[in-house]
Every structure is written in C-alpha cells, then in structure tokens.
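Secondary and tertiary structure notes
Each chain, letter by letter, is given below.
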Amino acid sequence: DKAVIGVTGLAVMGRNLARNLARHGHVVALHNRTVARTKALVEEFGHEGRFVPAETAEEFVASLERPRRLVIMVKAGAPTDAVIEEFAPLLEPGDMIVDGGNAHFADTRRREAALRERGLHFVGAGISGGEEGALNGPSIMPGGSAESYQALGPLLESIAATVDGTPCCVHVGPDGAGHFVKMVHNGIEYADMQLIAEAYDLLRQGAGLAPAEIAEVFRSWNSGRLDSYLIEITAEVLAHTDARTGKPFVDIILDQAEQKGTGRWTVQTALDLGVPVSGIAEAVFARSVSGHAELRQAGHGLPGPRAAAGDVSPDDVEKALYASKIIAYAQGFNQIQAASAEYGWEIDPGAMATIWRGGCIIRAKFLDRIRGAYESDPQRPTLLTDDHFTQALGDAQNAWRGIVATSARLGIPAPGFASALAYYDALRADRLPAALTQAQRDFFGAHTYRRVDAEGSFHTRWESGRTEEPAN
Ligand code: NBP
C-alpha cells in the first residue's frame, strides 16, 4: 500500500499528528532522522491505524502516492531548511511539502518561492493546540497555493477540530499567510492571558479574595460571554493546591513568565506594518518585566501604595476584562488585515475567527461573535463598530474606567486594561495631541505638517520670523 501522506519529524507534535491521521483511516508514511523514534511509534501505536515506516529519505518518498504530501514537523529554523534540502531533490513536480512547525512567515515566503521555482508546492501550515490538539483535533491554518489546498485540504479538514460540524481548518491564503495568521493567533493568546492575569491580580489584591474563591469567580464567568478554554483552565489552576506544601498552587510558582518568541514576532511585525497592537505588546513586555529579577529587586523599595484590599467588585472586573479583550482581538484582526493588504493574501478575517473556535488555545464562544461581525461587514475597519461589541464597550464604561483608576490608586499594575482603555479613548477622541507632536517635529527637523483648513504640506521658519511656507 502507498501512503496518502507522510510525516517526517516524529517528536511529540509529529507523532501525534501522524496518529491523528491514522485514526481517521489515512495510510501514513513515517520518517524521523533518528530511526528509533519511528520504531517506537509503530510499536506503541501501530494498532491505531495503518502506518508505513521508512528508515531512509528515499524509502519514505517512495512509499507516498502521487502527488506526494510530505509533512515536516521538525524544529523551526535551520532544521526545517535542512529537511527541505534533503527531500526536495527526491520529489517530482506537483508534489508538496507541508511545514507544520512554528516557522516565521518570512521564512515560509522564502521557502515557498524557492520550491515553486522547482515545480513543488510548499504549504506553511500553522497548527495550534499543542500536543493534545495535534492528537485529538487541532486548529489548522494552511497557506500556499489554492491548487495545493485542493489536494491537501480534505485530509487536513478530516483531522482538525470541528465546531457545529465545521472543521477548524481553511485555506488561509498564498505563501506565508498561514504562518502569519498562526503567529497573530499566538500574539492574541499572549494578550488574552495577560488580561486574565490582571483580572486575577485585581481580585486577589484589589478585592482580597483567596485563590479558591477566585477560581469560583472564573468558573461562573466561564458559563457567560467569557466562556473559553483559557478561562476554564484558569479556574482549574487557581483551585489547585500544592501537594508538597498545602498552599494554593499559584503561590508556589515563581512569578516569572517565559516566552518562546511568537508574541515577540507578532509585535515586531506589527511595528513593521504600522499597526497598533498595544494589547499584545503590553503582554509581551509584562512577561519581560516579570523575568527581570534584578530590576524588580532594585525597584522593590520604591515609594508608593502597597495594595490593600479595596472595593473591587468581580462584576466590574468581568466587564473590564471583556472590554479589554475586545480591544486586543480587534487589534490582532487589524494586523491580519494589514498584512493581507501588504502581501496580497486576500485573507477572510471571519474565516480565521471560525477556525479558531475549536482546537486552539484561544478557542472561545467569543469567536462566533467575531465571525458574525465580519459576516455582516467583511471590510469593517475595526471590530469595535459591530453592534454587539459597541454595546458591550458602552456597558463597560463605568466598570472599566473604575477598575483602571482603582488599579492605579492601589498600585496594582494593569497595563493590559489601561492600554486597552487608552486605545479606545484615542479612537474616540475629537482631537489628539499628535498635532503638537507634529509641530515639534517641524520645529526641530523641518518635517513639515498639514493644516486642517488647507491642502498640501507646510513648514514654518521657526528661527526667522515664524513665517509659513508651502513645502513640496
Ligand atoms: P521539536 O521542535 O522538539 O523538534 C524535534 C524534531 O526535530 C525531532 O524529530 C528531531 O529529530 C527533528 N530534527 C531536529 Br531538532 N534537527 C533536525 C535535522 N537537522 N534534520 C532532521 N530532523 C531534525 O519537536 P516538537 O515539539 O514536536 O515540535 C515540532 C514543530 O511543531 C516545531 O516547529 C514546533 O515549534 C511546532 N509546534 C510545537 C508545539 C508544541 O506544543 N510542542 C505546538 C505547536 C507547534 P531527532 O529525533 O532525530 O532528533
């Protein structure tokens, strides 16, 4: 039997993806640099489906039916290039290489162009949901040509998570579009987690609740509009007691959050595209601050209030959290739209919300709302103008402003809540002080300015008579 698809790179992700494919009745070819991994998979899980193990690259390629579908699940970066170089010469025109790793979209664009020259399809596919998702149904974001999706899409859709009968997998767009969208997914995940952390901190320090009580608050939120995987696991974590000490588990964890880099990529890329993603940026920087032990040590004695429980109400925190979450997602979707315009990807933002409803870390009811918002107006400049979101933001006004003010007064850092509110107010403003900034730029650097009452650009001769002249 020939295999319909092959997976090379059988660490946790590749192994689980191969098992998922086999469990759905597909014949799966297997390959790994270290042969022991291939053997272990067949020994442990061979009964789950039909596997065709191969020891060499040649054997692996020969075991695939044409057009060959070869999935790479190795470490992102140089290992991915090495594996592509190993297999590309063995493939024939029309075959496809799928990179399911966490590649940077610029690398995917480069690889796609190089392989297209050689007559091969290259599909950069974002796969979310970690090892659990890979095995039981991930959210899959494949890029590449429409032609490659015809041959590959049905297979991927068969193993993806489903919500209301719809698979969490759709053709995202050409070349790097899939990996770009996966990157922004991760950036949004950072923002969502930061907002949840701030909500916890406000309930803990601001309302004086114990972790077990806060777990109950999150549990109740999880049956409302905040219903999501991240809120659900937050309740689980907060309810957990450390077996060694009997203390709340959250209190024995070192308070330094790490990162693997996709959040940073999201912000770097947003800066290049000129898209304000302040929510994601605050989340990346908050993790960074947490990890700077020496700064925190140095800053620990600085004057200011030590949080003492105030009158923070869980209902107000819920409203502030929901409002700030709307802002973070609106910013992330704007980043996808900006990249889509920049690279000519024609990404359907509503379809991205649809495939994030299941399988991935940010899966949530909320994404159905976003889907609806883009269905009613695919071109909308911001999600904030959708009726449901506008109303939620309106309802949150007192609570949101109160929570941000209280956090400042009590000395509880809430950069996510505060920056979301500042962004919201900036969009609402009649006039921004950017007028002054632009005037300063003209003063010291002759950078020119535009007037509200005339066409064209102008420069004022600040040093000689302050006369205004047209600039070209
Ligand atoms: P790793 O990222 O730990 O990579 C291990 C695999 O890469 C092994 O199969 C290893 O082969 C292979 N490999 C390396 Br390293 N260098 C190689 C080379 N030069 N030539 C051939 N093979 C090489 O595996 P993972 O955690 O399963 O993740 C796979 C991909 O999926 C990564 O890109 C990751 O970012 C992405 N991802 C991971 C998760 C997650 O939750 N772990 C979630 C979403 C996406 P060996 O066995 O011979 O050493």
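Residues numbered from 1 in each chain as written. Predicted model: local features only at pLDDT ≥ 70, side-chain atom pairs only at ≥ 80, totals over all residues. Heavy atoms only, no water.

This part covers the site of the ligand. Every one of the 20 residues lining the ligand counts as a neighbour, but Met13, Asn32, Arg33, Thr34 and Arg37 are closest to it. Between the ligand and Asn32, the relevant distance is 2.8 Å, taken from an oxygen atom to a side-chain nitrogen or oxygen of the residue. Against a free-state accessible area of 910 Å², the protein chains account for coverage of 78% of the ligand. Those elements that place two or more of their residues in the shell around the ligand are helix H1 (12-23), helix H4 (78-87) and helix H6 (130-136). The class makeup of the residues in the shell around the ligand is 10 nonpolar, six polar and four charged. (Near = heavy atom within 4 Å. Polar contact = N/O pair within 3.5 Å; in protein donor to acceptor, adjacent residues only side chain to side chain. Areas by Shrake-Rupley, 256 points an atom, 1.4 Å probe, with all protein chains shown as cover. Helix = DSSP H or I, 4+ residues; strand = E, 2+ residues; numbered from the N terminus. Nonpolar A, V, L, I, M, F, W, Y, C, P; charged D, E, K, R; others polar.)

Here the focus is the sheet that holds strand S12 (residues 468-471). The strand order S10-S11-S12 describes an open sheet built from three strands, whose pairing is antiparallel. Both outer strands of the open sheet, strand S10 (449-450) and S12, are each paired with one neighbouring strand and no more. (Pairing = 2+ DSSP bridges.)

So, about the packing of helix H14 (residues 314-343) against helix H16 (residues 366-376). Interaxial distance between H14 and H16 falls to 12 Å at its minimum, and their mutual angle equals 50°. Viewed along their axes, H14 and H16 adopt a mutual orientation that is oblique. Helix-helix and strand crossings are classified by hand; for H14 and H16 the assignment is right-handed. Residues Tyr322, Lys325, Ile326, Tyr329, Phe333 and Gln337 of H14 touch H16, and the partners they reach there are Phe366, Leu367, Ile370 and Tyr374. (Axes fitted to C-alpha atoms, helices over the stretch in contact; angles between N-to-C directions. Parallel < 35°, antiparallel > 145°, perpendicular 65-115°, else oblique. Left-handed = near helix turned anticlockwise from the far one by under 90°. Contact = heavy atoms within 4.5 Å.)

For the rest of this paragraph, the subject is the UniProt feature "active site" (unreviewed entry) in the protein. Per the UniProt record, "active site" (unreviewed entry) is found at Lys182 and Glu189. Its place among the elements puts Lys182 in helix H8 (residues 177-206). Assessed through its relative accessible area of 6%, Lys182 is described here as buried. Contacts of Lys182, omitting those with residues within four sequence positions, involve Asn102, Gly126, Ile127, Ser128 and Met141. (UniProt positions renumbered as here; feature names shortened; annotations may be inferred. Buried < 20%, exposed > 50% of the residue type's maximum accessible area, 1.4 Å probe, protein only.)

So, on to the sheet that holds strand S1 (residues 5-8). In spatial order, the strands read S3-S2-S1-S4-S5-S6-S7; together these seven strands make up an open sheet with mixed pairing. The sheet is open, and its two edges are formed by strand S3 (51-53) and strand S7 (139-142), each paired on a single side. If you compare each strand with its neighbour and ignore which way they point, the axes differ by 25° on average. The pairing of strand S2 (residues 28-31) with S3 spans three bridges and is classified as parallel. Within S3, the position partnered with Val28 by the bridge is Phe51. Against the sheet, H4 makes contact with S1, S2, strand S4 (69-72), strand S5 (96-99) and strand S6 (121-128), and its axis sits at roughly 155° relative to S4, the strand it touches most.

In this section: unusual backbone geometry. Cis peptide bonds are those with omega within 30 degrees of zero, and the linkage from Arg66 to Pro67 qualifies with -5°. Its identity is not glycine, yet Asp175 carries a phi of approximately 30°, on the positive side. When you line up the elements, Asp175 lands in the loop between strand S9 (166-167) and H8. Although it is not a glycine, Arg466 sits at a positive phi angle of roughly 55°. Within the secondary structure, Arg466 sits in the loop between strand S11 (457-460) and S12. The class for Arg466 is exposed, based on a relative accessible area of 54%.

Take the packing of aromatic side chains next. Two aromatic rings, taken as a pair, are described by how far apart their centres are and by the angle between their planes. Within this structure, the stated rule accounts for 15 aromatic pairs. Geometrically, the ring pair formed by Tyr322 and Phe366 is edge-to-face, given 5.7 Å between the ring centres and 75° between the ring planes. With Tyr322 in helix H14 and Phe366 in helix H16, the pair connects residues that are 44 residues apart, well separated along the chain. In this structure, Tyr322 and Phe366 share a single accessibility class: buried. (Phe/Tyr/Trp six-rings, centres within 6.5 Å; stacked < 30°, edge-to-face > 60°.)

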